[in-house]
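# Chain and residue survey
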Amino acid sequence: MTQKLTVEQIHKLVFSNFTYKTDKRQYKKLEYWVQPDSSYDGTQKIIGDCEDFALACRKLCDDHGYMTRLVFCNTELGEGHLVLECHGYILDNRMKKVVPKSYLDRIGYTFISISGYEPGEPWLEIV
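Figured I'd write up the structure that's included with this text. These numbers come from a predicted model, not from an experiment.

### With respect to a nonpolar patch on the surface
On the surface, a cluster of nonpolar side chains totalling about 300 Å² of accessible area is made up of W33, F72 and W123. Looking at where F72 falls in the secondary structure, it is placed in strand β3 (residues 69–74).

### Let's talk about the packing of helix α1 (residues 7–16) against helix α3 (residues 50–63)
Closest axis-to-axis distance for the α1/α3 pair is 10 Å, and the angle between their directions is 135 degrees. Taken together, the axis directions place α1 and α3 in an arrangement best described as oblique. Judged by the sense of rotation from one axis to the other, the crossing of α1 with α3 is right-handed. Residues I10, H11, L13, V14 and F15 of α1 lie in contact with α3, whose contacting residues are F53, A56, C57, L60 and C61. Among the residues forming the contact of α1 with α3, the class breakdown is nine nonpolar, one polar and no charged.

### Let's talk about the pattern of salt bridges
Within this structure, the stated rule accounts for four salt bridges. Between E76 and R94 there is a salt bridge, and its shortest N-O distance comes to 3.0 Å. Of the two residues, E76 sits in the loop between β3 and β4 (80–86) while R94 sits in the loop between β5 (89–91) and β6 (99–100), which places them 18 residues apart along the sequence. A relative accessible area of 38% places E76 in the partly exposed class. R94 sits in the partly exposed class, given a relative accessible area of 36%.

### Points about unusual backbone geometry
The backbone of K28 shows a phi angle near 60 degrees, a positive value even though the residue is not glycine. Residue position: K28 is located in the loop between α2 (23–27) and β2 (46–48). The exposed category is assigned to K28, whose relative accessible area is 69%. The phi dihedral of H87 is positive, around 55 degrees, even though this residue is not glycine.

### Thoughts on the nonpolar core
Within soluble globular proteins, side chains that are nonpolar generally end up buried alongside one another. Of all hydrophobic cores here, the largest spans 21 residues; its most connected members are I10, V14, L84 and L91. Among the elements of the structure, α1, α3 and β4 are those that each provide at least two residues to this core. Looking at which element gives the most residues to this core, the answer is α3, with eight residues. Setting aside residues up to four positions removed in sequence, L84 forms contacts with A54, C57, R58, C61, T68, R69, L70, Y89, I90 and L91. Of all hydrophobic cores here, the second largest spans 10 residues; its members include C73, I90, M95 and L104.

Rules used in this analysis
Residues numbered from 1 in each chain as written. Predicted model: local features only at pLDDT ≥ 70, side-chain atom pairs only at ≥ 80, totals over all residues. Heavy atoms only, no water. Patch = residues over 30% accessible without salt bridge, like charges linked within 9 Å, V, L, I, M, F, W, Y side chains within 5 Å. Areas by Shrake-Rupley, 256 points an atom, 1.4 Å probe, with all protein chains shown as cover. Salt bridge = Lys/Arg side-chain N within 4 Å of Asp/Glu carboxyl O. Helix = DSSP H or I, 4+ residues; strand = E, 2+ residues; numbered from the N terminus. Axes fitted to C-alpha atoms, helices over the stretch in contact; angles between N-to-C directions. Parallel < 35°, antiparallel > 145°, perpendicular 65-115°, else oblique. Left-handed = near helix turned anticlockwise from the far one by under 90°. Contact = heavy atoms within 4.5 Å. Nonpolar A, V, L, I, M, F, W, Y, C, P; charged D, E, K, R; others polar. Buried < 20%, exposed > 50% of the residue type's maximum accessible area, 1.4 Å probe, protein only. Core = buried A, V, L, I, M, F, W, Y, C linked by side-chain atoms within 4.5 Å.

Here you go:
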């Protein structure tokens, strides 16, 4: 790692190299999670859906020393969606920049469950 990236720079880097494609279209499965390769640095192209974006952002945030959690939520349309939370800010493939959690509350996202800080830790229901 050369220089520590900000969370905003991480989102911008992943967002600029991300192309949305559903798991159903890409893998013929309703859900299919793919962890980024250990060499992933944000400059590689990613084709996937919300969890692919969130996992790519999480990998870079981890590399740059940020504590993050995955958050499963419903969007304003009632669709299931995954975002990444970092110190109260959200990295979301549907947003062009990092936004505070309060912004998603205002536009109708409902947070359902949140992961631990480390991969493999249990998910917690948000009430």
